[in-house]
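# Architecture at a glance
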Amino acid sequence: MQFSAAQIAQLINGKIEGDPNASVGSFGKIEEAVKGQLAFLANPKYEEHLYTTGASIIIVNESQELKQPVNATLLRVPDAYTAFASLLAAYQEIEAQQLTGIQEPAYISKTAQIGDKAFIGAFAYLSDGVVIGNQVKIHPQVYLGKNVKIGDNTVLHPGVKIYHNCVIGANVTIHAGSVIGGDGFGFAPQADGTFKKVPQIGNVVVEDYVEIGVNSAIDRATIGSTIIRKGAKLDNLIQIAHNVEVGHYTVIAAQAGVSGSTKIGNGAMIGGQAGIVGHLQIADGARINAQSGVTKSIKTKGGAVTGSPAYDYTSALRSQVVSRNLPEMEKRLKELEEQIKQLLAEKV
Amino acid sequence: MQFSAAQIAQLINGKIEGDPNASVGSFGKIEEAVKGQLAFLANPKYEEHLYTTGASIIIVNESQELKQPVNATLLRVPDAYTAFASLLAAYQEIEAQQLTGIQEPAYISKTAQIGDKAFIGAFAYLSDGVVIGNQVKIHPQVYLGKNVKIGDNTVLHPGVKIYHNCVIGANVTIHAGSVIGGDGFGFAPQADGTFKKVPQIGNVVVEDYVEIGVNSAIDRATIGSTIIRKGAKLDNLIQIAHNVEVGHYTVIAAQAGVSGSTKIGNGAMIGGQAGIVGHLQIADGARINAQSGVTKSIKTKGGAVTGSPAYDYTSALRSQVVSRNLPEMEKRLKELEEQIKQLLAEKV
Amino acid sequence: MQFSAAQIAQLINGKIEGDPNASVGSFGKIEEAVKGQLAFLANPKYEEHLYTTGASIIIVNESQELKQPVNATLLRVPDAYTAFASLLAAYQEIEAQQLTGIQEPAYISKTAQIGDKAFIGAFAYLSDGVVIGNQVKIHPQVYLGKNVKIGDNTVLHPGVKIYHNCVIGANVTIHAGSVIGGDGFGFAPQADGTFKKVPQIGNVVVEDYVEIGVNSAIDRATIGSTIIRKGAKLDNLIQIAHNVEVGHYTVIAAQAGVSGSTKIGNGAMIGGQAGIVGHLQIADGARINAQSGVTKSIKTKGGAVTGSPAYDYTSALRSQVVSRNLPEMEKRLKELEEQIKQLLAEKV
């Protein structure tokens, strides 16, 4: 698709400076963009690129001053970055919506129901009783187990696997390779040192507007549901164990893990590679620093922790600073011991 | 499938209280269950749900007292939870065993051998020389490289990938997205700063009754075999490097990693996100705490460690407690220094 | 394929001792090898196996002395291990090169271009505009999004997923289940506590001779490119966030993670489960210890750090040693306090 400066100006309500017929078919960074690309300049620090870029159209801030002539057509808006981002979002939306229909070969059970304008990619597998909403995009090589439900407008990227009975809301995005509904890790130790598997018969419920990254794992509940609540955002390679609940609009960064039955409140932020042990309560708005190991519930709303084991952020930071001086502290301690020894000796 | 209270009572050896013809088709948590569902009550703390649940049949402890009338049919057994769990296991077993045959399209080499009552899902790929035992379930989108052997009753969930020459035992379960037999990470540094790949020509051997979670990675040996011994249980997103051995009935929690050539004994327990460096020996029954970084062999049977770097559990815990008081300790040290300074000054 | 001792001797320039017609079809460890297998003995410590092995041909060091008769044919070379490894590499190369053609069913867009002697496995998916170089091996169940480019001789193992517009160089190897080009994790917090997705419209560029392990995740840039430079080696389950750059011949061990926009220099080594926060600069040749949490740029070439938060390796190690003595240090501190208290009391 090609767009003219005039068309784009209309979409973002921008003021044209230069050739309104200049046209672009893709996006680029201003320092790398070539002819036929659209770029933006938000930070005046990078102004120099305005004069050297190959971009055909550039979105700039209203306030941007020019010290030299510019080859590209400029589109002036109050906030260049926001205008650029919304343009991209619109473009991707259009592109995604064009994807509809069923590609062959796909495996679709006779009892599966598929909504209007849905897309089912080749090598996708829809088991008995699957229900797919309207405008859902099931990309190639996705697996949906028995009775899986997928809400309207949801996008499952290539190779996503969803086990039986899991329920995915509307406007959800799950990235390639993530697995929803694998068995929770439950094995009862037996007297002879072996284990008996505890059947995992619950499911996973992923509510509306959730986004889940690449190759993450969200296990089904032993009984009941593992729940990812509305609008939560999970990054790549994350582990969510059985019966966990993640609150509304909580954000979890890559490679973090949450153990069984822990409940995380709304609007919490969990850093990368953090771990949370099982059966805890994490308050709304909690801040868990990257690589923390959380072993106790966080009861204070907005409470911040760091360290492994994790505790109060401010205290932990102070201890970390002192801990770097430990060898010097030990030296001071030794000196004191010497001095006291001498003082005591002199006394005698 | 529908089951009557009378049928279930027979299976779990329970005493019927109420309508023996009440029937159920699925399971639910007592607080959420609806008509047609089976629930259980094990913890007397939740007794109130007995009177409000929509469940049609409820398994309860023999000893359960009733303060109000109950709509559902009750089945009394010595231990409600155990009865419920064994019922579920039986149900899942029946359901799984019904799955047989080959779905089209699958890619099956002419030299692959497939046992009795096996299931091969659509889009599965069986290379030359693959041997599949009886009642094995190869779910959709699984990949089996050349000469892979799979023992009887083993279940490979959707999207599992097993590289050439790997050997999987009987009664093994591998969850979606796990990869068995990827190349070990071996690169010989060259004088010019580049690397030469060390060919990884061994394999992976997974013994009977092992369970492996979602999106885990078990690398093939450089030479010989990476071995996961009988009954070991590995959770999601775990890394097992080349030439590692994991002992019988050892349990490894999610996101833990074991580096090359380390040998882990039998009955060990390794916490989530723990890491073990290469070429170590970990004794039978060792306990490695979550997020530990193990840099030395654990020689004592049942030895417990924590921390990064990890050391003796009890000592490490003591140090962690003191380390939280470090800022206060430094203050005390400073005070002492002041006092000594004064004492010494007065002496003069 | 069967090879005679004479043929192998020629390939590795070895001196035959025994039957030149002895033949082998596979490789084995000397202590486990059976008839028809080739083994090697590099470490004289294991000499005993020479006399008991079932191997038909054994590569040994020129200098190897024999205390007993040996059944196998020996091939003497200056360095047995190197000869064995290069033989294996050659064997795997031959085997891999034999793999060509397109297996059915594969999904190949009419606008995809495929080079000479390429292999496309069954259930692979090639979107519009995909360009595949010569002798590329696309294994089964791989997904290539729109306009993905793959350079000559590159190998994509089963189930690899590459999103649209990503560019993979020549002689690259990507192992099963890895995902290249998933959306970067970018969400702009809104005043009402919800998030607005920041469109991720960049791509990933993987340069020549890179190897990426199993189930790793490399996210596409917000704008521009996430770049893995020539010859870098990434292990399994690694997270590379949007706009990261990994330098030439840098090595990253399993389960490590790099946050957004961080630039890692050439020839760096990053240990397993290490984490690096966003927007840092890591100098050439930096050494980051396993499980480190890097929160500040490393500016010194070859600088080594450890700990979480990470700092200078030598200092951190000293602090770690002292920190194990913390309970004892506190005791000493208490003693001093007692002594001083007494001294001060006596003064009065």
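The rules behind these values
- Residues numbered from 1 in each chain as written.
- Chains lettered and ligands numbered in written order.
- Predicted model: local features only at pLDDT ≥ 70, side-chain atom pairs only at ≥ 80, totals over all residues.
- Heavy atoms only, no water.
- Helix = DSSP H or I, 4+ residues; strand = E, 2+ residues; numbered from the N terminus.
- Contact = heavy atoms within 4.5 Å.
- 1 Å grid on protein atoms, 1.4 Å probe; cavity = no way out; pocket = protein on both sides within 12 Å on 5 of 7 lines; lining within 4 Å.
- Points joined across faces, edges and corners; volume = space filled by probe spheres on them.
- Buried area = accessible area lost by both parts, 1.4 Å probe.
- Salt bridge = Lys/Arg side-chain N within 4 Å of Asp/Glu carboxyl O.
- Least-squares fit on C-alpha atoms with pLDDT ≥ 70 in both.
- Expected span 1.5 Å × (residues − 1).
- Buried < 20%, exposed > 50% of the residue type's maximum accessible area, 1.4 Å probe, protein only.
- Arc of directions from axis to C-beta.
- Axes fitted to C-alpha atoms, helices over the stretch in contact; angles between N-to-C directions.
- Parallel < 35°, antiparallel > 145°, perpendicular 65-115°, else oblique.
- Nonpolar A, V, L, I, M, F, W, Y, C, P; charged D, E, K, R; others polar.
- pLDDT = per-residue confidence, 0-100.
- Domains from an automatic or database assignment.
- Polar contact = N/O pair within 3.5 Å; in protein donor to acceptor, adjacent residues only side chain to side chain.

## With respect to the environment of Ile228(B)
Residue and element names in this part refer to chain B. Turning to its location among the elements, Ile-228 is positioned in strand E27 (residues 225-228). Separated by 48 residues in sequence, Ile-228 and Ile-276 have C-alpha atoms that sit 16 Å apart. Not counting chain neighbours up to four residues away, the residues in contact with Ile-228 comprise Val-205, Val-206, Glu-207, Val-210, Ile-218, Leu-234, Ile-240 and Val-246.

## Considerations on empty space enclosed by the protein
With the rule as written, the count across this model stands at five cavities of 30 Å³ or more. There is about 170 Å³ of room inside the largest cavity. If you trace the largest cavity, you find 20 residues lining it, with Lys161(A), Gly159(B), Lys161(B), Gly159(C) and Lys161(C) closest to the centre. By volume, the second largest cavity amounts to about 40 Å³. Lining the second largest cavity are Asp183(B), Gly184(B), Phe185(B), Asp219(B), His175(C), Glu211(C), Ile212(C), Gly213(C), Leu234(C), Asp235(C) and Asn236(C).

## Concerning the interface of chain C and chain B
Across the contact, 57 residues belong to chain C and 63 residues belong to chain B. Both sides together, the interface formed by chain C and chain B hides about 4700 Å², and carbon and sulfur atoms give 65% of it. Seen at the junction of chain C and chain B, the total is three salt bridges. Salt-bridge contacts for Glu330(C) lead to Arg332(B); the nearest nitrogen and oxygen are separated by 3.7 Å.

## Considering the relation of the copies chain C and chain A
Structural alignment of chain C on chain A gives an RMSD of 0.2 Å, achieved by rotating through 120° and translating 0.0 Å along the axis. Look at the turn and shift together and you get a three-fold axis relating the two.

## Quick look at helix H4 (residues 313-324) of chain C
With 12 residues, H4(C) should reach 16 Å at 1.5 Å per residue; the first-to-last C-alpha distance of 17 Å fits that figure. Looking at H4(C), one finds that the buried residues are Ala316(C), Ser319(C), Gln320(C) and Val322(C). For H4(C), the buried positions fall inside an angular range of 165° around the axis, keeping them on one side. Among the exposed residues of H4(C), those pointing more than 90 degrees away from its buried face are Arg318(C) and Val321(C). Buried residues belonging to H4(C) abut helix H4 (313-324) and helix H5 (326-347) of chain A together with strand E39 (304-306), strand E40 (311-312) and helix H5 (326-347) of chain C.

## Some remarks on the packing of helix H4 (residues 313-324) of chain B against H5(C)
A pair of packed helices is characterised by two quantities: the angle between their axes and the separation of those axes. The contact between H4(B) and H5(C) brings their axes to 8 Å, and the two run at 55°. Taken as axis vectors, H4(B) and H5(C) run oblique relative to one another. Contacts between H4(B) and H5(C) involve Arg318(B), Ser319(B), Val322(B) and Ser323(B) from the first element and Leu326(C), Pro327(C) and Glu330(C) from the second. Looking at the contact of H4(B) with H5(C), its residues break down into three nonpolar, two polar and two charged.

## Describing the confidence of the model for chain A
In this model, chain A carries an average pLDDT of 94, and 100% of its residues clear a pLDDT of 70 or more. Our summary of model confidence lists the complex with pTM equal to 0.91 and ipTM equal to 0.89.

## Points about the domain arrangement of chain A
Residues and elements named next belong to chain A. Each assigned domain of chain A is listed here: domain 1 (3-97), domain 2 (101-315) and domain 3 (316-347). The gap between the C-alpha centroids of domain 2 and domain 3 is 50 Å. Both faces combined, the contact of domain 2 with domain 3 buries some 480 Å², and carbon together with sulfur accounts for 50% of it. Looking at the side of domain 2 facing domain 3, the largest losses of area belong to Tyr-313, Thr-314 and Ser-315, adding up to 65% of the total buried there. Linking domain 2 with domain 3 are zero salt bridges. Summed over the shared surface of domain 2 and domain 3, the number is 10 residue pairs in polar contact (both at pLDDT 80 or more). For the side of domain 2 that touches domain 3, the secondary-structure elements that each account for two or more residues are strand E40 (311-312) and H4. The element best represented in the side of domain 2 that touches domain 3 is H4, accounting for three residues.

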